[in-house]
Amino acid sequence: MSGSVTLPGEFSEALGHVAKAIQSNGQLRVVTHYDADGIAAGAIIASALTRAGRPFHLTMAKGFDDDLTDRLSKEGNEMVLFLDMGSGQIDRLEKLEGVVIALDHHKPARKSRKVLQVNPHFFEIDGMTETCASTLSMLLSITIDARNWDLSPIALAGMIGDRQHMGGMKGLNLQILDESADQGYVTVQKSLNLKGPNMHKAISESVDPYFVGLSGRGDNATAFLESMKINPETALGSLDEFYRRKLTSMLSLRLMGQGCRPETVEELVTDVLWIPSMELSAADLADLLNACGRQDHESLGLALCLGDREALAEAGDLRSEYNRKLMERLLSIETDGAQQKDHIQYFDADEPSMAGAICGLAMQYILDQSKPTLALSTVGDRIKVSSRGTKYLVSKGLDLAAALKKAAGGVGGVGGGHAVASGATIKVDARDKFLESCDSIVGVQMD
Ligand SMILES: [Mn+2]
């Protein structure tokens, strides 16, 4: 392995096998997930293959469903590489012809003779907090060619997209960050976790963090800044130390005042990973990729990673549009609150594609911190449920994956996910029964 990345021996061997297979076959079929991590992983592999002069065909997909299985089978590929998916669907992967490889960090269903899986879980490395698909793609690409270290900023954006940077980068992700910084592809600086061309926009247009009373309220944001003698037009980077500290403490106080958990308040000051070649931060890039993926513009996200300046401007517009919609919904949740049950709280979300994001932000910044939050979106005769808790609630026994699986299962629906964030689909007429049952299951978990 080039550069200073230390891996368990079997892990490097697995990467070596994959690198060899890729270099000795014809056209490579690549399938990746459409979220920020998946797009970043796809961009890294696409760039590495281009540099190596290997032909490939890449598709971004929401999941590995019947349609995709059919399509891949009909294509008669010599070799298919799955990124950010596959480990959970080994049965499907085994049915494909040719060489099948999966670079995935989701919990693997099982090992397979047929499928070459590179998954951190097999090497006792955590796939939730320290290795994502971008990490794996990065490791593979530097196994192929050390020059591919220049792709590391994209990998960092993918890690942030999967929220693996929370509480600081760890493990393999940190190794990649350190080497990337050593080689000058990113610079690391502690700074306020705000974005935008000036202080006023950075605060009034901020949805994450969401400042109750300031986000979405331009006049209040102006008054807030002026009360601290800060010119609202000041660029973020040019705020001097004294005012930066003052602003940081005032914003921290506000977050505490609106009931945020200490770990949320701490995130207000974070390591900003600046990418000089792209003139944006890795968090910014992750945010743009999310906006692209969530609004069905994943190829734009790919172009953006590959350095297309026009794509950058277009993605910026998409993000503004997406943030505007988020802001609108968050403002109404701030005003109306959520419906309360004994142990859960819930609200209706009209756009299913945004429900998860809204639910997460409302849970973290606006609603009662003592109960998990559910967002319900009605689509035809079904309700799509997104749920979010906090790490603190999980430490008190909350398991939303188990709760939604059981509550949905009890009314003929399906559900599952992670302890802190999960989803379910139920029939419209099962709504009340589902909510009742979810409430009592969570009550028992947190007892
Ligand atoms: Mn991922």
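(A) Looking closely at the overall build of the protein. Counting secondary structure elements, the protein contains 18 helices and 14 strands. The principal-axis extent of the C-alpha atoms belonging to the protein is close to 65 × 55 × 35 Å. A burial count over the protein gives 43% of its 447 residues as buried. Taking the contacts inside the protein whose residues are at least 6 apart along the sequence as the reference set, 61% of them involve residues at least 24 apart.

(B) Molecular detail of the domain arrangement of the protein. As assigned here, the protein comprises domain 1 (9-183), domain 2 (190-293 + 305-330) and domain 3 (338-442). Each of domain 2 and domain 3 has a C-alpha centre, and these two points are 28 Å apart. At the interface, 15 residues of domain 2 touch twelve residues of domain 3. Mapped by element, the contributors of at least two residues to the side of domain 2 that touches domain 3 are α11 (262-266) and α14 (309-336). Of all the elements, α14 adds the most residues to the side of domain 2 that touches domain 3, at four residues. Among the residues making up the side of domain 2 that touches domain 3, the classes are represented as seven nonpolar, three polar and five charged.

(C) Representation of the sheet that holds strand β13 (residues 414-417) in the model. Spatially, the six strands line up as an open sheet ordered β9-β10-β11-β12-β14-β13, and their pairing is mixed. Two strands lie at the open edges of the sheet, namely β9 (339-340) and β13, each paired on one side alone. Relative to strand β14 (residues 421-427), β13 is paired through four bridges, and the arrangement is antiparallel. When the bridges of β14 are listed, Gly-415 appears paired with Ala-424.

(D) How the structure looks around the sheet that holds strand β6 (residues 187-192). Overall, antiparallel pairing links the three strands, which are arranged β6-β7-β8 in an open sheet. At either margin of the open sheet sits one strand with a lone partner, and together these are β6 and β8 (280-281).

(E) Seen up close, the environment of Gly-218. By the element assignment, Gly-218 lies in helix α9 (residues 218-227). Along the chain, Gly-218 and Ile-230 lie twelve residues apart, while their C-alpha atoms are 15 Å from each other.

(F) How the structure looks around the environment of Ser-206. Topologically, Ser-206 is positioned in the loop between α8 (199-204) and α9. Residue Ser-206 is classed as buried on the basis of its 22 C-beta neighbours within 10 Å. As a C-alpha pair, Ser-206 and Pro-372 span 166 residues in sequence and 23 Å in three-dimensional space. When neighbours within four sequence positions are excluded, Ser-206 is seen to be in contact with Leu-194, Phe-211 and Ser-215.

(G) Here's a closer look at the nonpolar core. One finds Ile-39, Ala-40, Ile-44, Ala-157, Ala-282 and Ile-358 to be the most contacted residues of the largest nonpolar core, which totals 126 residues. Here the element with the most residues in this core is helix α2 (residues 36-52); it accounts for ten residues. Setting aside its immediate chain neighbours within four residues, Ala-157 contacts Ala-36, Ala-40, Ala-282, Leu-285, Ala-286 and Leu-289.

(H) Expanded view of unusual backbone geometry. Note that the residue after Asp-208, namely Pro-209, is joined by a cis bond; omega there is 5 degrees. Looking at where Pro-209 falls in the secondary structure, it is placed in the loop between α8 and α9. Within the chain, Arg-163 stands out as a residue other than glycine whose phi angle is a positive 60 degrees. Among the secondary structure elements, Arg-163 is positioned in the loop between α6 (152-161) and α7 (171-182).

(I) Focus on the packing of α2 against helix α12 (residues 282-294). Relative to each other, α2 and α12 sit at 105 degrees, their axes nearing to 8 Å. Judged by the angle between their axes, α2 and α12 are roughly perpendicular. From α2, Ala-36, Ile-39 and Ala-40 reach across to α12, where they touch Ala-286, Leu-289, Asn-290, Cys-292 and Gly-293. Among the residues making up the contact of α2 with α12, the classes are represented as six nonpolar, two polar and no charged.

(J) Molecular detail of the pairing of strand β7 (residues 269-275). Taken together, the six bridges between β6 and β7 define a ladder with antiparallel strand orientation. Looking at β7, one finds that Gln-189 is bridged to Val-272. Pairing between β7 and β8: two bridges, direction antiparallel. Its bridge partner lying in β8, Ile-275 is registered against Leu-280. From the end of β7 to the start of β8, which pair antiparallel, there are four residues, and Glu-279 there has a positive phi angle of about 55 degrees.

(K) How the structure looks around the packing of helix α5 (residues 133-144) against α6. Packing of α5 against α6 leaves a shortest axis separation of 8 Å and a crossing angle of 160 degrees. Relative to α6, the element α5 is oriented roughly antiparallel. As for how α5 packs across α6, the hand of that crossing is left-handed. In contact with Ala-133, Ser-134, Thr-135, Ser-137 and Met-138 of α5, α6 contributes Ser-152, Ile-154, Ala-155, Gly-158 and Met-159.

(L) Layout of helix α17 (residues 400-409). The complete set of buried residues in α17 reads Leu-400, Ala-403, Leu-404, Ala-407 and Ala-408. Across the axial projection of α17, the buried residues extend over an arc of 110 degrees, all falling on one side. Those residues of α17 hidden inside the fold are in contact with β12 (382-388), β13, β14 and α18 (431-445).

(M) Structural detail: α5. Along its twelve residues, α5 runs 17 Å from first to last C-alpha, staying within 8% of the 16 Å computed at 1.5 Å per residue. Counted residue by residue, α5 has twelve buried out of twelve residues, so it is predominantly covered. Of all the positions in α5, only Ala-133, Ser-134, Thr-135, Leu-136, Ser-137, Met-138, Leu-139, Leu-140, Ser-141, Ile-142, Thr-143 and Ile-144 are classed as buried.

The rules behind the values
- Residues numbered from 1 in each chain as written.
- Predicted model: local features only at pLDDT ≥ 70, side-chain atom pairs only at ≥ 80, totals over all residues.
- Helix = DSSP H or I, 4+ residues; strand = E, 2+ residues; numbered from the N terminus.
- Buried ≥ 20, exposed ≤ 12 C-beta atoms within 10 Å, placed from the backbone.
- Contact = placed C-beta atoms within 7 Å.
- Domains from an automatic or database assignment.
- Nonpolar A, V, L, I, M, F, W, Y, C, P; charged D, E, K, R; others polar.
- Pairing = 2+ DSSP bridges.
- Core = buried A, V, L, I, M, F, W, Y, C linked by C-beta atoms within 7 Å.
- Axes fitted to C-alpha atoms, helices over the stretch in contact; angles between N-to-C directions.
- Parallel < 35°, antiparallel > 145°, perpendicular 65-115°, else oblique.
- Left-handed = near helix turned anticlockwise from the far one by under 90°.
- Arc of directions from axis to C-beta.
- Expected span 1.5 Å × (residues − 1).

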